[in-house]
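# Descriptive analysis of the structure
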Protein chains: 2
Amino acid sequence: MVVRSQVQPPAWQGISDAFNSECPAREVLDHITSRWGMLILTALGGGPLRFSELHGIIGGISEKMLSQTLRTLVRDGLIARTVEPSTPPRVSYELTALGQGLTESLHLFLDWIRRHTPEVMAAQHSHDRQNR
Amino acid sequence: MVVRSQVQPPAWQGISDAFNSECPAREVLDHITSRWGMLILTALGGGPLRFSELHGIIGGISEKMLSQTLRTLVRDGLIARTVEPSTPPRVSYELTALGQGLTESLHLFLDWIRRHTPEVMAAQHSHDRQNR
DNA sequence: CAGCATCCAAAAGGATACTG
DNA sequence: CAGTATCCTTTTGGATGCTG
């Protein structure tokens, strides 16, 4: 998942460590900003949800990718998985304290997107007219 | 780039429109959180940079992906491309007003990652020991 | 320098079928 | 219900070579 570039200087210091492809922060960034990671984390911001609820809320995700992304995020300590041993089994996912802190900055980011998507669409159309 | 799922209800209303795979906000989200988009936008937060400077700063990116991602972000109106007609040509990229606003929430997000990467790594190792 | 075009390898991701 | 396993398609992305 992390690109290993051999030509990096040994102790690169920049605006963010994530610029360094060797840094573990880059892996964390990749997990969170993966195609479905951000949507899953944001969905759980409203409280615990079960597998099928997540599947219903997030449009277009396959069961495979939901389960796969959840596993990664659970391993990262951002999401907790709870199993109620019943039949049928009830499995719910919720943000850990760590994940909770993350989603606060995440919400600001998604809010920005929601508010400014019209401007971006306008820019796209304007750009497409230029290059016709 | 956007997944077209036909079973979405016509007027889905959720926490964020990005949950709807039909919504243009999802495309904007994908562009920004694409593998290199976030790093490029953050790098430009410090001021205008030329193509080769970006290539040097962002570890592991190929010229192809840099150029491709830049084109998308320019089309989205987040980045401006300026050409000085000289030989050799000097092309510089900088954030537009729109892109500037975005990077503010982006910085909060990357800051969180930088501060909490150690906790995530600890969680990963703890999780790996559990499932050994 | 700042790229685009082409080709190819690798990874991501979807559909389907199946399990406890 | 909550997944896993398999297969297969699509997408991503790197390497290389070429251009104004």
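Nothing here was measured: the structure is a model prediction, and the numbers come from that model. (Residues numbered from 1 in each chain as written. Chains lettered and ligands numbered in written order. Predicted model: local features only at pLDDT ≥ 70, side-chain atom pairs only at ≥ 80, totals over all residues. Heavy atoms only, no water.)

## A closer look at the protein's contact with DNA strand C
Close to DNA strand C lie 21 residues, the nearest being Lys64(A), Arg50(B), Ser52(B), Arg81(B) and Tyr93(B). Taking the atoms of DNA strand C that fall within 4 Å of the protein, sugar and phosphate contribute 70% of them. In this structure, a base oxygen belonging to DNA strand C sits 2.4 Å away from a side-chain N or O atom of Lys64(A). Contact distances for DNA strand C include 3.2 Å between a phosphate oxygen and a side-chain N or O atom of Ser67(B). Of all elements in the fold, only helix H4 (63–75) of chain A together with helix H3 (51–57), helix H4 (63–75) and strand E3 (90–95) of chain B reach the threshold of two or more residues within the surface near DNA strand C. Looking at which element gives the most residues to the surface near DNA strand C, the answer is H4(B), with four residues. (Near = heavy atom within 4 Å. Polar contact = N/O pair within 3.5 Å; in protein donor to acceptor, adjacent residues only side chain to side chain. Helix = DSSP H or I, 4+ residues; strand = E, 2+ residues; numbered from the N terminus.)

## Examining the relation of the copies chain A and chain B
For the pair chain A and chain B, the relating rotation is 180°, the translation along its axis is 0.0 Å, and the fit reaches an RMSD of 0.1 Å. Given the turn and translation reported, the copies of this chain are related as if by a two-fold rotation axis. Closest approach to the rotation axis within chain A is made by the C-alpha atom of Thr33(A), at a distance of 2.8 Å. When the interface residues of chain A are mapped onto chain B, 100% of them are again interface residues, pointing to one common binding face. (Least-squares fit on C-alpha atoms with pLDDT ≥ 70 in both. Contact = heavy atoms within 4.5 Å.)

## Observations regarding the packing of helix H5 (residues 97–130) of chain A against helix H5 (residues 97–130) of chain B
Between H5(A) and H5(B), the shortest axis-to-axis distance is 10 Å and the interhelical angle comes to 160°. Considering the angle they form, H5(A) stands roughly antiparallel to H5(B). The handedness of the crossing between H5(A) and H5(B) comes out as left-handed. Where H5(A) approaches H5(B), its residues Leu98(A), Gly101(A), Leu102(A), Ser105(A), Leu106(A), Leu108(A), Phe109(A), Trp112(A), His116(A), Glu119(A) and Val120(A) are matched on the opposing element by Leu98(B), Gly101(B), Leu102(B), Ser105(B), Leu106(B), Leu108(B), Phe109(B), Trp112(B), His116(B), Glu119(B) and Val120(B). Residues of the contact of H5(A) with H5(B), tallied by class, amount to 14 nonpolar, six polar and two charged. (Axes fitted to C-alpha atoms, helices over the stretch in contact; angles between N-to-C directions. Parallel < 35°, antiparallel > 145°, perpendicular 65-115°, else oblique. Left-handed = near helix turned anticlockwise from the far one by under 90°. Nonpolar A, V, L, I, M, F, W, Y, C, P; charged D, E, K, R; others polar.)

## Focus on unusual backbone geometry
Of note, the bond from Thr87(A) into Pro88(A) is cis; its omega dihedral lies within 30 degrees of zero at 0°. Mapped onto the elements of the fold, Pro88(A) is located in the loop between strand E2 (79–84) and strand E3 (90–95).

## Notes on the interface of chain A and chain B
Across the boundary between the two partners, chain A contributes 56 residues, which contact 56 residues of chain B. Where chain A abuts chain B, roughly 4900 Å² becomes buried across the two surfaces, and 70% of that area is made up of carbon and sulfur atoms. Counting the surface chain A buries against chain B, the share from its top three residues, Phe19(A), Arg75(A) and Trp112(A), is 14%. Residue Asp128(A) is joined to Arg75(B) by a salt bridge in which the shortest nitrogen-to-oxygen separation is 2.9 Å. There are 10 residue pairs in polar contact (both at pLDDT 80 or more) connecting chain A and chain B. For the side of chain A that touches chain B, the secondary-structure elements that each account for two or more residues are helix H1 (24–32), helix H2 (37–44), H4 and H5 of chain A. Looking at the side of chain A that touches chain B, the element that brings in the most residues is H5(A), giving 21 residues. Its residues placed into classes, the side of chain A that touches chain B shows 30 nonpolar, 17 polar and nine charged. (Buried area = accessible area lost by both parts, 1.4 Å probe. Salt bridge = Lys/Arg side-chain N within 4 Å of Asp/Glu carboxyl O.)

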